Amino acid sequence: MSAAPDIHAYLDQQQRKSLLRFITCGSVDDGKSTLIGRLLYDSKLLFEDQLAALEAESKTQGTQGGAIDFALLVDGLAAEREQGITIDVAYRFFATEKRKFIVADTPGHEQYTRNMVTGASTADLAIILIDARKGVLTQTRRHAFLVSLMGIRHVVLAVNKMDAVGYDKATFDAIVADFSAFAQRIGLSDVFALPISGLKGDNITAASQATPWYEGPTLIAHLESVPLDEDRLVNAPFRMPVQWVNRANQDFRGFAGQIASGAVRVGEAIRTAPSGKSSRVARIVTRDGDLTRAQAGQSVTLTLADEIDISRGDVIAAAASPAEAADQFEATIIWMAEEELLPGRAYQMKIGAKLVSAQVTDIKHKVNVNTLEQLAAKTLELNDIAVCNIALDRAVAFDPYADNRDMGGFILIDRMTNATVGAGLIRFALRRAQNIHWQALDVDRDARANIMGQKAAVLWFTGLSGAGKSTIANLVEKKLHSLGRHTILLDGDNVRHGLNRDLGFTDADRVENIRRVAEVAKLMTDAGLIVLVSFISPFRAERALARSLMAPGEFFEIFVDTPLAEAEKRDVKGLYKKARAGALKNFTGVDSPYEAPENPEIRIDTTTLDPASAAELIVTRITGVGDVGTWEI
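Residues numbered from 1 in each chain as written. Predicted model: local features only at pLDDT ≥ 70, side-chain atom pairs only at ≥ 80, totals over all residues. Heavy atoms only, no water.

Chemist: How would you sum up the environment of Lys585? Please name residues and give values.
Modeler: Note on placement: Lys585 falls in the loop between helix H18 (575-580) and strand S27 (602-605). In sequence terms Lys585 and Thr506 are 79 residues apart; their C-alpha atoms lie 8.5 Å from each other. (Helix = DSSP H or I, 4+ residues; strand = E, 2+ residues; numbered from the N terminus.)

Structure (structure tokens):
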């Protein structure tokens, strides 16, 4: 019975301890995993079976000649142990008498920089390790720049492997001076430097006799004492992104989420974003009962005094300091995919619980992480960092990332693969996002189409160069015209003589080519027309974008399917011959890919159908004439 109060007292003591989240980062082989393993070991937070397993694995899988390899405590993936590197982000919890810690061990390899960004997104402090033998490297600067971008306020510069340079003070001082000059340029003002050896344990938890010239605190002493601005989020304006609309019964409608910043009280006036509707908080509901007040970090359900329309992803904010809402931003983007970012391509953007369609409309500049030089760029490659303009298909609630991480951070998702391809930090809304509004029109697209006696539609012909797209599209238009339909044909070559004359044939220019044509096609369907589009349009993502612009049932993808060998054999314009000779770069099918449609509405096999028969089949299908008609335009 006497043990129970002791347990409760211990748990209460742990609950009252402050929590520091930190990451270890730096270049590959700088000793990040070893440092964390040493921290866990010296903090006496390992059980006897863990120690026994570590000693056994160090002999068979370690890199220290049979001695304890502390990195094995953190590197859990088989590939990590085989290669002696960190690939995934590894999180570990430990505690001392003064504070609790959650540490994220992030990869040093350049190809895994995206994982470092993941670890940094919630950190209060970053330990940037530098191998004393190598000094400040490109990846060191990249991670330091990312630490600054991600809003981490406290930095520890740990010059590791001092044992390998004989604990030389001059080496330490030179590295600190080099890094400090770079840190000052990127706005890192709180940098604490110390010499360590993760392997030997120097200056980790106890002062090292090998560095008598260093008189500062140990690493663990600094981590225990670094000030945390725990009240910063609580004192910020109230924000709660809605994660779930809770309809427990017909008489209850609550909005559930975690409070991102600020505090809220029953009776307080709120305003929702992006709708701008106002109300007051009626109840603050939790599993353990109602509260009169809740603050940042708590998960609650709010009920409101008025019935207003709020959906998942909307934000409930303080009426006195509401969240902004916009559909165009300037943002810093960290590109995390092997496939390059292409301006104009549609991606999905997830900000909080909101998922919207997004396009990078302009890359203003990318940053050279070594020199901080601003460079012009048409695309972004893996690990590039750039300032971009981004446009959404609808307004979202936000705060600048510098003010609120949760409200200003987002990720970009590939629409085809659902892979996360980029991370973004909102800087500010573009003024045009606030000044441009949709103008209401009395005559709509259906009225325009009805007066013509037809339904607006887009017939999107896609296929390789030489497949016969333009020939078939021309015949289809002639047949529709003879049936009294009002049409327009947009041909790839013709459009490049005018609207798109400034575009070349790089992947980025091809994306912009199709984006412009898709927007033109949409305007023409708004006029009630049947629009025939004949473009190679090699990428599925851009054809999907074009489809998304149209009303359901208005977009017909027509795949003019001609094998590459057959198209090259025809080569009416001599383009394949030039491409094979190297005189024509970025030619689809030769040195630029063509992504065939997976589920087109109509597939035309030009090896079995001549152009006239193909046109007849298409017209029959889309007009609903005959037994196979299905759509009726």
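Still more to cover.
Chemist: Any chance you could break down the environment of Thr562 for me, citing the residues and the numbers?
Modeler: Tracing the chain through its elements places Thr562 in the loop between strand S26 (555-561) and helix H17 (564-570). Residue classification places Thr562 among the buried residues on the basis of a relative accessible area of 4%. The spatial distance from the C-alpha of Thr562 to the C-alpha of Gly463 is 7.3 Å, given a sequence separation of 99 residues. Sequence-distant contacts of Thr562, defined by excluding residues within four places in its chain, comprise Leu464, Ala467, Ala567, Arg570 and Thr606. Looking at Thr562, its side chain comes within polar contact range of the main-chain oxygen of Ala467, at 3.2 Å. (Buried < 20%, exposed > 50% of the residue type's maximum accessible area, 1.4 Å probe, protein only. Contact = heavy atoms within 4.5 Å. Polar contact = N/O pair within 3.5 Å; in protein donor to acceptor, adjacent residues only side chain to side chain.)

Chemist: For helix H2 (residues 32-42), give the residues involved together with the corresponding values.
Modeler: When you tally the buried positions in H2, you get ten out of eleven residues, the bulk of the element. All of the buried residues in H2 are Lys32, Ser33, Thr34, Leu35, Ile36, Gly37, Arg38, Leu39, Leu40 and Asp42. Among the structural elements, strand S1 (18-26), strand S2 (90-95), strand S3 (99-105), strand S4 (125-131) and helix H8 (219-225) are those in contact with the buried residues of H2.

Chemist: Explain the pattern of salt bridges to me, using residue names and the numbers behind them.
Modeler: Counting across every chain of the model gives 29 salt bridges. For the salt bridge of Glu568 with Arg580, the shortest nitrogen-to-oxygen distance reads 2.8 Å. With a gap of twelve residues between them, Glu568 in helix H17 and Arg580 in helix H18 connect regions that are remote in the sequence. One continuous salt-bridge network, built from bridges that share partners, spans Arg445, Lys522, Asp526 and Glu554. (Salt bridge = Lys/Arg side-chain N within 4 Å of Asp/Glu carboxyl O.)

Chemist: Lay out unusual backbone geometry in plain terms, naming residues and giving numbers.
Modeler: Backbone torsion omega between Ala273 and Pro274 reads 10°, so that peptide bond is classified as cis. Tracing the backbone shows Pro274 in the loop between strand S11 (269-273) and strand S12 (278-285). You will see that Leu372, though not glycine, has its phi angle at about 65°, which is positive. Within the element layout of this structure, Leu372 appears in the loop between strand S18 (354-367) and strand S19 (374-375). Here Asn383, not a glycine, exhibits a phi torsion of approximately 75°, which is positive. By the element assignment, Asn383 lies in the loop between S19 and strand S20 (385-398).

Chemist: Before we move on, could you go through the sheet that holds strand S9 (residues 254-258) and cite the residues and values that matter?
Modeler: What the seven strands build is an open sheet, ordered S7-S15-S11-S12-S14-S9-S8; its pairing is antiparallel. Each edge of the sheet is formed by a strand with only one pairing partner; in this case those strands are strand S7 (239-241) and strand S8 (244-246). Going from strand to strand, the sheet's axes swing by 40° on average, the running direction of each strand aside. Note: S9 against strand S14 (residues 299-304), four bridges, orientation antiparallel. Considered in S14, the bridge of Ala256 is made with Thr301. (Pairing = 2+ DSSP bridges. Axes fitted to C-alpha atoms, helices over the stretch in contact; angles between N-to-C directions.)

Chemist: Just give me the short version of the environment of Lys100, but keep the residues and values in it.
Modeler: Within the secondary structure, Lys100 is located in strand S3. Linking Lys100 and Ser18, residues 82 residues apart in sequence, is a C-alpha distance of 6.1 Å.

Chemist: Tell me about the sheet that holds S1, and please be specific about residues and values.
Modeler: One open sheet accounts for six strands, arranged S2-S3-S1-S4-S5-S6; its pairing is mixed. The open sheet has two edge strands with one neighbour each: S2 and strand S6 (191-195). Taken over all neighbouring pairs, the strand axes of this sheet differ in orientation by 25° on average, direction set aside. Pairing of S1 with S3, which is carried by seven bridges, proceeds in the parallel orientation. Within S3, the residue paired with Thr24 across the bridge is Asp105. Sheet strands in contact with H2 are S1, S2, S3 and S4, and its direction is about 150° off that of S1.

Chemist: Run through the pairing of strand S16 (residues 324-335), naming residues and quoting values.
Modeler: Side-chain positions along a regular strand alternate between the two faces of the sheet. Most of S16 is tucked away: nine of the twelve residues are buried. Here ten bridges tie S16 to S20, and the two strands are oriented antiparallel to one another. Counted as the bridge partner of Glu330 is Asn389 from S20.

Chemist: I'd like to hear about the packing of aromatic side chains, residue by residue, with values.
Modeler: Under the criterion given, the structure shown has nine aromatic pairs. A centroid spacing of 5.7 Å and a plane angle of 70° characterise the contact between Trp335 and Tyr347, whose relative ring orientation is edge-to-face. Residue Trp335 is found in strand S16, and its partner Tyr347 is found in strand S17 (residues 346-351); the two are separated by twelve residues along the sequence. When sorted by exposure, Trp335 lands in the same class as Tyr347, which is buried. Judged by centre distance (6.3 Å) and plane angle (25°), the rings of Phe559 and Tyr594 are stacked. In this pair, Phe559 sits in strand S26 while Tyr594 sits in the loop between H18 and S27, placing the two residues 35 residues apart along the sequence. Take Phe559: its relative accessible area is 9%, and that puts it in the buried class. Cluster of aromatic residues (ring-pair linked, three or more members): Phe22, Phe94 and Phe101. Just above the ring of Phe182 sits the side chain of Arg141; from NZ or CZ to the centre is 5.8 Å. Here Arg345 stacks its cationic end above the ring of Phe539, 5.1 Å away from the centre of that ring. (Phe/Tyr/Trp six-rings, centres within 6.5 Å; stacked < 30°, edge-to-face > 60°. Lys NZ or Arg CZ within 6 Å of the ring centre and 35° of its normal.)

Chemist: If you had to explain the packing of helix H15 (residues 507-526) against helix H16 (residues 540-549) to someone new, which residues and values would you point to?
Modeler: It is at 9 Å that the axes of H15 and H16 come closest, and there the two elements cross at 15°. Relative to H16, the element H15 is oriented roughly parallel. Crossing of H15 against H16: the hand is right-handed. Between H15 and H16, the residues in contact are Val511, Ile514, Arg515, Ala518, Glu519 and Lys522 and Glu542, Leu545, Ala546 and Leu549, respectively. In terms of residue class, the contact of H15 with H16 is built from six nonpolar, no polar and four charged. (Parallel < 35°, antiparallel > 145°, perpendicular 65-115°, else oblique. Left-handed = near helix turned anticlockwise from the far one by under 90°. Nonpolar A, V, L, I, M, F, W, Y, C, P; charged D, E, K, R; others polar.)

Chemist: Describe in detail the pairing of S20, supporting the description with residues and values.
Modeler: Burial runs high along S20: eleven of the 14 residues are buried. By the bridge criterion, seven bridges tie S18 to S20 in an arrangement that is antiparallel. Note on S20: the bridge partner recorded for Asp362 is Asn389.

Chemist: Tell me about helix H6 (residues 138-149), and please be specific about residues and values.
Modeler: When the terminal C-alpha atoms of H6 are compared, their 16 Å separation across twelve residues agrees well with the 16 Å that a helix rising 1.5 Å per residue should span. Gln139, Thr140, Arg141, Arg142, His143, Ala144, Phe145, Leu146, Val147 and Leu149 are the residues of H6 that are buried. Directly after H6, the chain includes Gly151, whose backbone phi takes a positive value near 80°. (Expected span 1.5 Å × (residues − 1).)

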